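Survey of secondary and tertiary structure
Residues per chain, in single letters:
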Amino acid sequence: MKASLIALLLPAAASARFIEAHEVNRVHIPTAALLEEVESPERYLIELSPGKTAWVTEEEKWQLRREGLNFMDITENADLGALHNAASKATTVFPEKVQLQSEIHPLLGNLSKDLMKEHLEKFSSFHTRYYKSDYGRQSSEWLLKTVQDTIKEAGADKYGVKAKHFEHSWGQNSVIATIPGKSNSTVVIGAHQDSINLWLPSVLPAPGADDDGSGTVTILEAFRVLLSSKDVIKGNAPNTIEFHWYSAEEGGLLGSQAIFSEYEKQSRDVKAMLQQDMTGYVQGTLDAGKPESVGVIMDFVDAGLTAFIKKVIEEYCGIPWVETKCGYACSDHASASKAGYPSAFVIESTFGDSDQKIHGTDDLIKYLSFDHMLQHARMTLALAYELGYTDFEKLKGNVMGEL
């Protein structure tokens, strides 16, 4: 932090002797320059846990991240959740079991490891995807075009499927793809598109292959195969399905907060939100002598949605699930949750066995397993389909009828 010029001058001014009438006062303080000089570094309001906030500089944000502490930067979205009344908002009821095996299993075989690898090679080739950098803007533009091309190649644009940027002031925009359903009730699948090098974010490389390039291409591949269902792209699912690629997760969940703040103000009916953040690293699990598995986050998530995700993994994946925890605000599902929407988070392993090479120059494709990412893609596709076709009002009525 640069020293204040006023701080340096004031002690001298205070101790100066009285100037006689015949003397010339040669002390001249250029007020405008001093005011500019003493401007403090920009500070940000962060939330480290529910209700626990602090004002910090940007460098202090990165220091907290280097120390393994997560937070939400609520400077621009301090009102997120203000319209959400937990006492009055109806609880979403989720299915007790999966039901659409005959429709989903044939789709699973169309998921491609090669396409995920091709996309991730390109996505991790940007010098960085830091949200304030021009590289971050470029990677977001590439991602939007790739999603839009995927829609056109499926012929889904003719039925109203679309993708667009959700614009942000920092330059890297979020991407939202929408598959309209019979209602505005919405199921959201999310991942974050930005990467970061926590030592010098604006300068050093941040390939971000696992964090969260892996999640980005995992849900992109699930999206591609979902569009191969004519019934889905023609809008016959009871619910609208959205895929989100958030900007600036590494800066404190900035992109997802902006989106869910807007959804909250619009009274959007989001029935479920699943975040996929890091889906490719399995070596830590294997080195620990544990079986390859899908990590299901159990803290700060919706219990009903999480229980249903476990059922989806059991039916549609070839590996088991394992429970784990990651703390408050560890990824973008926290923004949805704060807005009052049921959210869940699935990761590549237990949190302790997850990739330790993230947030630096060594987060590279060579350490990742596309077989493992395929399991996450299977789960993502199956969940989107199952919940897209869930009649939530009927489920709610059944539960009310049993009371």
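Above: the structure in question.
Keep in mind it's a predicted model, so treat the numbers as computed, not measured.

Summing up its helical and strand segments, the chain has 14 helices and 11 strands in all. Burial statistics for the chain: of 403 residues in total, 54% are counted as buried. Long-range pairs, those at least 24 residues apart, make up 80% of the contacts in the chain with a sequence separation of at least 6.

Membership of the largest hydrophobic core comes to 70 residues, with the highest contact counts inside it found for Val 147, Phe 223, Leu 226, Phe 243, Trp 245, Ile 309 and Leu 387. Apart from residues lying up to four places away in sequence, Phe 223 is in contact with Val 147, Thr 150, Ile 151, Val 161, Ala 177, Ile 179 and Phe 243. Membership of the second largest hydrophobic core comes to 21 residues, among which are Met 72, Leu 253, Phe 260 and Tyr 328.

All right, on to the state of the cysteines then. Tallying each qualifying case throughout the model produces one disulfide. In this model Cys 326 forms its disulfide with Cys 330; the gap between the sulfur atoms is 1.9 Å. Overall, Cys 330 belongs to the buried group, its relative accessible area being 9%.

Moving on: the side chain of Asn 77. With respect to the helices, strands and loops of the structure, Asn 77 is situated in the loop between strand S3 (72-73) and helix H4 (101-108). The exposure class of Asn 77 is buried, given its relative accessible area of 10%. Excluding its chain neighbours within four sequence positions, the residues that come into contact with Asn 77 are Leu 254, Gln 257, Ala 258 and Ser 261.

On to the packing of helix H5 (residues 113-123) against helix H13 (residues 370-388). It is at 10 Å that the axes of H5 and H13 come closest, and there the two elements cross at 105°. If you check the angle between H5 and H13, you find them roughly perpendicular. The residues of H13 that touch H5, namely those facing Lys 113, Met 116, Lys 117 and Leu 120, are Phe 370, Asp 371, Met 373, Leu 374 and Ala 377.

The final tally for this structure, using the stated rule, is 15 salt bridges. Residue Lys 265 pairs with Asp 79 through a salt bridge whose shortest N-O separation is 3.8 Å. Separated by 186 residues along the polypeptide, Lys 265 in helix H9 (residues 254-265) and Asp 79 in the loop between S3 and H4 bring together distant segments of the chain. Here Lys 310 makes a salt bridge to Glu 323, at a shortest N to O gap of 2.5 Å.

The next subject is H13. Taking 1.5 Å per residue as the helical rise, H13 with its 19 residues ought to reach 27 Å, and the 26 Å between its terminal C-alpha atoms agrees with that figure. Burial of H13 is extensive: 17 of the 19 residues sit out of reach of the surface. Backbone nitrogen of Asp 371 and a side-chain oxygen of the N-cap are separated by 3.4 Å at the start of H13; the cap is Ser 369.

Let us look at the environment of Phe 345. Examined against the element boundaries, Phe 345 turns out to sit in strand S11 (residues 343-347). The buried category is assigned to Phe 345, whose relative accessible area is 2%. Setting aside residues up to four positions removed in sequence, Phe 345 forms contacts with Leu 274, Gln 275, Asp 277, Gly 295, Val 296, Ile 297, Val 301, Cys 326, Cys 330, Ser 331 and His 333.

Our next topic: the sheet that holds strand S2 (residues 52-57). Read across the open sheet, the three strands follow the order S2-S1-S3; overall the sheet is antiparallel. In the strand order of this sheet, the two ends are held by S2 and S3, each with one partner. Bridge count between strand S1 (residues 43-49) and S3: two bridges; the pairing is antiparallel. Across the sheet, residue Glu 47 finds its bridge partner in S3, namely Met 72. Each of S1, S2 and S3 touches helix H3 (residues 58-66); the most contacted strand, S2, lies at about 120° to it.

Rules used in this analysis
Here, residues in each chain are numbered from 1, in the same order as that chain's written sequence. Totals for whole chains, interfaces and linings use all residues, but because this is a predicted model, local features are given only for residues with pLDDT of at least 70 and pairs of side-chain atoms are given and counted only at 80 or more. In computing side-chain values, all of the structure's heavy atoms are included and hydrogens and water are not. Strands are runs of DSSP state E lasting at least 2 residues, helices are runs of H or I lasting at least 4, and numbering of each runs from the N terminus. Exposure is judged per residue with a 1.4 Å probe applied to protein chains only, and the accessible area is read against the type maximum: over 50% gives exposed, under 20% gives buried, and values in between give partly exposed. Only heavy atoms enter the contact rule, under which two residues are in contact if any of them lie within 4.5 Å. Side-chain atoms within 4.5 Å are what join buried Ala, Val, Leu, Ile, Met, Phe, Trp, Tyr and Cys residues into a set we call a nonpolar core. Two cysteine sulfur atoms make up a disulfide if the distance between them is within 2.5 Å. Geometry is summarised by axes, namely lines fitted to C-alpha atoms with helices restricted to the contacting stretch, and by angles between N-to-C directions that run from 0 to 180 degrees. Here the word oblique covers every angle except those under 35 degrees (roughly parallel), over 145 (roughly antiparallel) and from 65 to 115 (roughly perpendicular). Think of a salt bridge as a Lys or Arg side-chain nitrogen and an Asp or Glu carboxyl oxygen that are within 4 Å of each other. For a helix, the expected span equals 1.5 Å multiplied by the number of residues minus one. In the analysis that follows, any N or O atom pair within 3.5 Å is treated as a polar contact, provided that within protein one partner can donate a hydrogen and the other can accept it, and provided that, for residues neighboring in sequence, both atoms belong to side chains. Two strands are said to pair when DSSP picks up at least two bridges between them.

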